Amino acid sequence: MSSLNSTVSTNSTFVRPQFFYINGFSNIPHVKFYFIFLCFVYTVTVIANSFIMFIIFIDQNLHTPKYLAVFNLAVVDMGGSTALIPKMIETFLFNSQFITYEACLASMFFVHFFNFMQSLTLVALAYDRFVAICFPLNYHSIITNGKMVLVLVIIWIMTAGLVLTAVGLVTRLSFCKSIVINSYFCDHGPVYQLACNSNSLNHIYAQFCISIVLFIPLILIALSYMCIVFALLKIASGEERLRATKTCTSHLILVAVFYLPICGTYLAVILSAIHPDARILNTSLSSTIPPMLNPIIYTLKTEEILEAFKRLYHRNKLSAAF
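Residues numbered from 1 in each chain as written. Predicted model: local features only at pLDDT ≥ 70, side-chain atom pairs only at ≥ 80, totals over all residues. Heavy atoms only, no water.

K.L.:
Help me out: how do you make sense of the overall build of the chain in this one?
P.N.:
When helices and strands are tallied, the chain shows 10 helices and five strands. Dimensions of the chain along its principal axes, counting C-alpha atoms only, are 70 × 50 × 35 Å. Classification of the 322 residues of the chain by burial places 46% in the buried group. A separation threshold of at least 6 residues defines the contact pool for the chain, and within that pool the share at least 24 residues apart is 79%. (Helix = DSSP H or I, 4+ residues; strand = E, 2+ residues; numbered from the N terminus. Buried < 20%, exposed > 50% of the residue type's maximum accessible area, 1.4 Å probe, protein only. Contact = heavy atoms within 4.5 Å.)

Here it is as structure tokens:
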């Protein structure tokens, strides 16, 4: 598989393969059951996120900064799952593991783009909760719909720029040896590690991106919740404290669901020699499960969403009666 069918540029030392071979789940037994599970995950993800977007779109009471960010998260979750799961199923369930060079770069862009967007959208939601609890009297002047839209647009542009640069840096690499990608998609790290020429710039930039979209957001979220805890301790009424805490519950669960598996995998790689199959399985689950759980958590744990659903249900019931 390491033999190369490639297009060679005028510079004979630069080799750009026509195809890559995605090796990801090849060595995992009974893996077809996992892909059947992924079909279920994708179906639930699409239905649940479509439901959240529909409810927020039609209910005027949810046209607030917080739910603009939740709507954005639902869009991102749908996009991320659509960029990853159908291609994974096609690749491994139907033995279509060769992917063209151009398609590989496109897949790399969209999968990483939506993963990065999930992380940064969680920061926007943390900022919303921070202002709502720490500065409740000034909330509506500090965070407006227009300002939240601006924040989300900046996140989209910044994320696109980060990922486009990462993908662009891959095009300067020569692949004269193996074309086998030891991952479940065209993952940035496993791809640039195949290069024959120096990939140090790619490695440095990858670490920079990880800091920007993983560690810094996690630190910002942690700091925001430290401030929230101090603000809650100042609230005299236990009932009001509990009500304020409940508004953060769904976001905290989302943060745990998204960041803990990723951080756990990174720590396992650093502290011990994690088996490649275990790494691939862990990272694939951490990429596919949060987009399915996010809308379910927001539906079950957020009173505003439940109330909006009840209003919609009663409205349709009355319409059907007449």
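K.L.:
How should I be thinking about a nonpolar patch on the surface in this particular structure?
P.N.:
Judged by side-chain polarity, Phe-215, Ile-216, Ile-219, Leu-220, Leu-223, Met-226, Val-229, Phe-230 and Leu-233 come together as a nonpolar surface patch covering roughly 870 Å² of accessible area. Tracing the sequence through the fold places Leu-233 in helix α7 (residues 200-233). Accessibility expressed as a relative area gives 60% for Leu-233, which makes it exposed. (Patch = residues over 30% accessible without salt bridge, like charges linked within 9 Å, V, L, I, M, F, W, Y side chains within 5 Å. Areas by Shrake-Rupley, 256 points an atom, 1.4 Å probe, with all protein chains shown as cover. Salt bridge = Lys/Arg side-chain N within 4 Å of Asp/Glu carboxyl O.)

K.L.:
Got a minute to help me understand the nonpolar core in this structure?
P.N.:
One recurring pattern in soluble globular proteins is that nonpolar side chains are buried together. In this structure, Phe-20, Phe-25 and Phe-175 are the most contacted members of the largest nonpolar core, which totals 95 residues. The element that contributes the greatest number of residues to this core is helix α3 (residues 101-134), accounting for 19 residues. In contact with Phe-20, other than residues within four places in its own chain, are Gln-97, Phe-98, Ile-99, Tyr-101, Cys-104, Phe-175, Ile-179, Ile-181, Val-191 and Leu-194. (Core = buried A, V, L, I, M, F, W, Y, C linked by side-chain atoms within 4.5 Å.)

K.L.:
Is there a simple way to think about the packing of α3 against helix α9 (residues 276-301) in this case?
P.N.:
Between two packed helices, what matters for the description is the angle formed by their axes and the separation of those axes. Closest axis-to-axis distance for the α3/α9 pair is 11 Å, and the angle between their directions is 35°. Considering only the axes of α3 and α9, their crossing is left-handed. Contacts between α3 and α9 pair Asn-115, Gln-118 and Leu-125 from the former with Ser-287, Pro-290, Pro-291, Asn-294 and Tyr-298 from the latter. Across the contact of α3 with α9, the residue classes tally to four nonpolar, four polar and no charged. (Axes fitted to C-alpha atoms, helices over the stretch in contact; angles between N-to-C directions. Left-handed = near helix turned anticlockwise from the far one by under 90°. Nonpolar A, V, L, I, M, F, W, Y, C, P; charged D, E, K, R; others polar.)

K.L.:
Would you mind showing me how to read the state of the cysteines here?
P.N.:
Working definition: the covalent bond between the sulfur atoms of two cysteines is a disulfide. Using the criterion set out here, one finds two disulfides in the structure. The residue that forms a disulfide with Cys-104 is Cys-186, at a sulfur-sulfur distance of 2.1 Å. Because the sign of the S-S torsion sets the handedness, a value of about -125° for the bond joining Cys-104 and Cys-186 places this disulfide among the left-handed ones. Within this pair, whereas Cys-104 is found in helix α3, its partner Cys-186 is found in the loop between β5 (180-181) and α6 (188-192), the two being separated by 82 residues in sequence. Judged on exposure class, the residue Cys-104 and its partner Cys-186 are both buried. Put simply, Cys-176 and Cys-196 are joined by a disulfide, and their sulfur atoms are 1.9 Å apart. In this structure, the disulfide formed by Cys-176 and Cys-196 twists by about -130° around the S-S bond and is classed as left-handed. One end of the pair, Cys-176, is in the loop between α5 (145-170) and β5; the other, Cys-196, is in the loop between α6 and α7, and 20 residues separate them in sequence. In this structure Cys-196 comes out as partly exposed when scored by relative accessible area, which is 30%. By sequence order of its bonded cysteines, the chain has the disulfide arrangement 1-3, 2-4. (Disulfide = S-S within 2.5 Å.)

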